[in-house]
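Each chain, letter by letter, is given below.
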Amino acid sequence: MTTNTPFKLAVLISGEGSNLQAIMDAIDAGTLDASIEIVISNKASANGLNRASQAGIPAVVVAPVKGQSREEYDQCLLATLATSAPDLVVLAGFMRILSAGFVHSFAERIINIHPSLLPAYKGMDTHQRVLDAGETYHGATVHFVTEELDDGEIIIQSRIKISADDDANSLQQRVHIEEHVIYPRAIQWLSDKR
Ligand code: GRF
């Protein structure tokens, strides 16, 4: 359902921002009824900041300060997010674990994309771990964020068949293609039910 008020997103990144780009492209194409109010990175070097700036979206760095606790950092994040009052916080390659306080502040309004078929292969290096285990299938998952890492209710998954000549690089690329389809779709579902 399309409403007059946009479904407001805050996108949190740490790196390349290809999922951010997919979300921006879906909004531009009219297939995603939402607006990105702010992009926040914990790293000044994140290329996703350039992608946001080029699109005219406020791009902000919230860098961790030496000696700062996780809770203190997350308070800074919350203060920055408060300026845009997002309906949904979208983690798109944001490489920090969020504190319980942060998660509760946006209860059931934080989503993440993870490069595996959760609940299998939580954590890092999923592509190599999947290959090492001799799996037949791999994929990506969009899920709600809870206090537990890569946990929370699953919204959508995409599955790919691993081929004999796949390596971690090719798997990463193939999974990315899937991610760029399912992340905008998941956000649209949440926008519809807003
Ligand atoms: C994606 O593979 C995502 O699943 C993981 O981090 C990566 C981010 O890639 N959480 P990008 O920055 O969106 O290109």
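Everything here concerns the structure above.
Numbering of residues starts from 1 in every chain and runs along the sequence as written. Confidence filtering applies because this is a predicted model: local features only for residues at pLDDT of at least 70, side-chain atom pairs given and counted only at 80 or more, and all residues used for totals across whole chains, interfaces and linings. Calculation of side-chain values draws on the structure's entire complement of heavy atoms; hydrogens and water are dropped beforehand.

Draft legend 1. Representation of the pattern of salt bridges within the structure. Basic side-chain nitrogens of Lys or Arg form a salt bridge, by our definition, when they fall within 4 Å of a carboxyl oxygen of Asp or Glu. All chains considered together, the criterion is met by three salt bridges. Of the charged contacts in the structure, one is a salt bridge between glutamate 16 and arginine 51, with a shortest N-O distance of 2.4 Å. Placement of glutamate 16 in the loop between strand E1 (8-13) and helix H1 (18-29) and of arginine 51 in helix H2 (residues 47-54) is noted, with a sequence separation of 35 residues between them. Exposure classes here rest on a 1.4 Å probe applied to the protein chains alone. A residue is buried below 20% of its type maximum, exposed above 50%, and partly exposed in between. Judged by relative accessible area, glutamate 16 falls into the partly exposed class, the value being 45%. Of the charged contacts, one joins arginine 174 and aspartate 166 as a salt bridge, the two residues approaching to 2.6 Å between their closest N and O atoms. The class for aspartate 166 is buried, based on a relative accessible area of 11%. The way it works is that DSSP assigns letters per residue, a run of H or I at least four long becomes a helix, a run of E at least two long becomes a strand, and they are numbered from the N terminus.

Draft legend 2. Quick peek at the packing of H1 against helix H6 (residues 168-192). For the pair H1 and H6, interaxial distance at closest approach is 9 Å and the crossing angle is 50 degrees. Between H1 and H6, the angle is such that the two are oblique. Note on packing geometry: the crossing formed by H1 with H6 is right-handed. Contacts between H1 and H6 involve Ser18, Asn19, Ala22, Ile23 and Ala26 from the former and His176, Glu179, His180, Tyr183, Pro184 and Ile187 from the latter. Any residue that is not Ala, Val, Leu, Ile, Met, Phe, Trp, Tyr, Cys, Pro, Asp, Glu, Lys or Arg is counted as polar, Gly included; the first ten are nonpolar and the last four charged. Of the residues in the contact of H1 with H6, the class split is six nonpolar, four polar and one charged. As a rule, the C-alpha atoms of each element are fitted with a line to give its axis, helices using only the stretch in contact, and angles between N-to-C directions run from 0 to 180 degrees. Between 65 and 115 degrees an angle is taken as roughly perpendicular, under 35 as roughly parallel, over 145 as roughly antiparallel, and anywhere else as oblique. Note on convention: near helix rotated counterclockwise from far helix by under a right angle means a left-handed crossing. Clockwise means right-handed. The contact criterion used is simple: two residues touch if any of their non-hydrogen atoms lie within 4.5 Å.

Geometric values such as these leave the question of function open.
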